[in-house]
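Close look at the chain arrangement
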Amino acid sequence: MSRSWIYPALLSVTALFGAAYAPQAAAEGDAARGKTLGYTCLGCHGVPNYKSVYPTYSVPMLAGQHPEYIVTALKAYKSGERGHATMHAHAVTLSDQDMQDVAAFLSGSAIKAVAGAAPAGEIPAAVATCSACHGREGIGIMGIYPTLSGQHADYLEHTLEQYRKGGRRNGIMAPFAGQMKEADIKIVAEYYAKQKPALQTVPRRKTVLSAAQ
Ligand code: HEC
Ligand code: HEC
């Protein structure tokens, strides 16, 4: 193969990938449509400190979460990569477009790290590995990395156990969780839970997004 052939071929692969990727990255969910679709979700995600039972842990907060991550999570419940009966039952009713729209509504707008702000409390050593994706204070550095700051500590602990035990089979997160020392799980979960700006429960009457009103 001559170089002159390889270069144009590589360029066209990049162009194809770019073309396939760009519209998806740019696509914004329709929060107004998502508000109608997301009404049932508020029965759990719109109730402050609502607990799931057997096992008991807090239902995750979604307001301020990255919408891209909300879509990824819903796809994982739909496909079974994440084993959770209730969320699977909800996710299978949603098309990809529905997921984008409901994510735009539930997220409101993604919270961002405040430049120069000091983290709350001492930074545990175990967080060093995690910061590359989740940020030092738990704000996911890209839309596909979940924001953890202000999330319920017991939920974060539960998810880390799930990645370790196989209830969540994500190829990126499972190995990181697997390498954690048991004792660090609680410490790390509590650290992220107290960081700001914090994720919130989705407001039930007045949404955080004026577009949805
Ligand atoms: C009966 C209560 C209930 C309802 C209703 C419900 N959820 Fe959930 N949701 C949960 C629980 C519990 C979890 C945590 C599951 C786990 O452990 O992975 C969860 C997890 C999630 C997550 C993952 C969050 C994260 O940080 O990874 C998303 C996204 C989500 N739900 C969206 C929705 C959407 C969208 C709807 C409506 C179509 C909905 N949920 C309806 C209880 C509920
Ligand atoms: C290379 C990037 C990367 C690194 C490093 C990383 N994570 Fe993650 N993390 C992810 C991704 C991607 C997900 C979403 C996985 C999924 O879809 O289930 C995730 C999910 C999570 C979740 C679940 C959040 C939720 O809302 O359900 C927790 C908790 C978490 N990570 C904690 C950690 C901790 C603690 C560390 C360090 C020991 C760490 N992560 C290191 C990429 C990373």
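How each quantity is defined
- Residues numbered from 1 in each chain as written.
- Chains lettered and ligands numbered in written order.
- Predicted model: local features only at pLDDT ≥ 70, side-chain atom pairs only at ≥ 80, totals over all residues.
- Helix = DSSP H or I, 4+ residues; strand = E, 2+ residues; numbered from the N terminus.
- Expected span 1.5 Å × (residues − 1).
- Buried ≥ 20, exposed ≤ 12 C-beta atoms within 10 Å, placed from the backbone.
- Contact = placed C-beta atoms within 7 Å.
- Near = placed C-beta within 6 Å.
- Nonpolar A, V, L, I, M, F, W, Y, C, P; charged D, E, K, R; others polar.
- Core = buried A, V, L, I, M, F, W, Y, C linked by C-beta atoms within 7 Å.
- Axes fitted to C-alpha atoms, helices over the stretch in contact; angles between N-to-C directions.
- Parallel < 35°, antiparallel > 145°, perpendicular 65-115°, else oblique.
- Left-handed = near helix turned anticlockwise from the far one by under 90°.

**Section: helix 4 (residues 67–79)**
Every α-helix carries 3.6 residues per turn, so stepping three or four residues along brings you back to the same face. Its 13 residues give helix 4 an end-to-end C-alpha distance of 19 Å, which sits within 8% of 18 Å, the value for a rise of 1.5 Å per residue. Buried within helix 4 are the following residues: Pro-67, Glu-68, Tyr-69, Ile-70, Val-71, Ala-73, Leu-74 and Tyr-77. In the core, the buried residues of helix 4 are packed alongside helix 5 (85–91) and helix 6 (96–107).

**Considerations on the site of ligand 1**
In the region of ligand 1, 21 residues are neighbours, and Cys-41, Cys-44, Ser-52, Ala-73 and His-90 sit closest. If you list the elements that add at least two residues to the shell around ligand 1, you get helix 3 (42–45), helix 4 and helix 5. In the shell around ligand 1, the residues fall into 11 nonpolar, 9 polar and 1 charged.

**Details of the site of ligand 2**
Around ligand 2 lies a shell of 23 residues, among which Cys-130, Cys-133, Asn-170, Met-173 and Phe-176 are the nearest. Counting only elements with at least two residues in the shell around ligand 2, the list comes to helix 4, helix 7 (131–134), helix 8 (153–165) and helix 9 (173–179). For the shell around ligand 2, the class distribution of residues is 17 nonpolar, 5 polar and 1 charged.

**A word on the nonpolar core**
Ile-70, Leu-74, Val-102, Ala-103 and Leu-106 are the most contacted members of the largest nonpolar core, which has 24 residues in total. Secondary-structure elements contributing two or more residues to this core are helix 2 (31–37), helix 4 and helix 6. Non-local contacts of Ile-70, meaning those with residues more than four positions away in its chain, are made with Leu-62, Gln-65, Ala-103, Leu-106 and Ser-107. With 9 residues, the next largest nonpolar core counts Leu-148, Tyr-163, Val-188 and Ala-193 among its residues.

**What about unusual backbone geometry?**
If a residue is not glycine, its phi is most likely negative; likewise, a peptide bond is most likely trans. Omega for the bond connecting Tyr-54 with Pro-55 falls within 30 degrees of zero, at -5°, which places this linkage in the cis form. Among the structural elements, Pro-55 can be located in the loop between strand 1 (51–52) and strand 2 (57–58). Backbone torsion omega between Lys-196 and Pro-197 reads -5°, so that peptide bond is classified as cis. Tracing the chain through its elements places Pro-197 in the segment after helix 10 (182–193). Here Asn-49, not a glycine, exhibits a phi torsion of approximately 60°, which is positive. Take Asn-49: it is sitting in the loop between helix 3 and strand 1.

**Describing the packing of helix 4 against helix 6**
Between helix 4 and helix 6, the shortest axis-to-axis distance is 8 Å and the interhelical angle comes to 130°. In terms of orientation, helix 4 and helix 6 fall into the oblique class. Crossing angle aside, the handedness with which helix 4 passes helix 6 is right-handed. The segment helix 4 lies against helix 6, with Pro-67, Ile-70, Val-71, Leu-74 and Lys-75 engaging Met-99, Gln-100, Ala-103, Ala-104, Leu-106 and Ser-107. Taken together, the residues that form the contact of helix 4 with helix 6 break down as 8 nonpolar, 2 polar and 1 charged.

**Digging into helix 6**
Taking 1.5 Å of rise per residue, 12 residues should cover 16 Å, and helix 6 covers 16 Å from first to last C-alpha, within 8% of that figure. Of all the 12 residues making up helix 6, 9 are buried; the element is thus mostly covered by neighbouring parts of the structure. Among all positions in helix 6, only Met-99, Gln-100, Asp-101, Val-102, Ala-103, Ala-104, Phe-105, Leu-106 and Ser-107 are buried. The first or second residue beyond helix 6 is Gly-108, which carries a positive phi of 75°.

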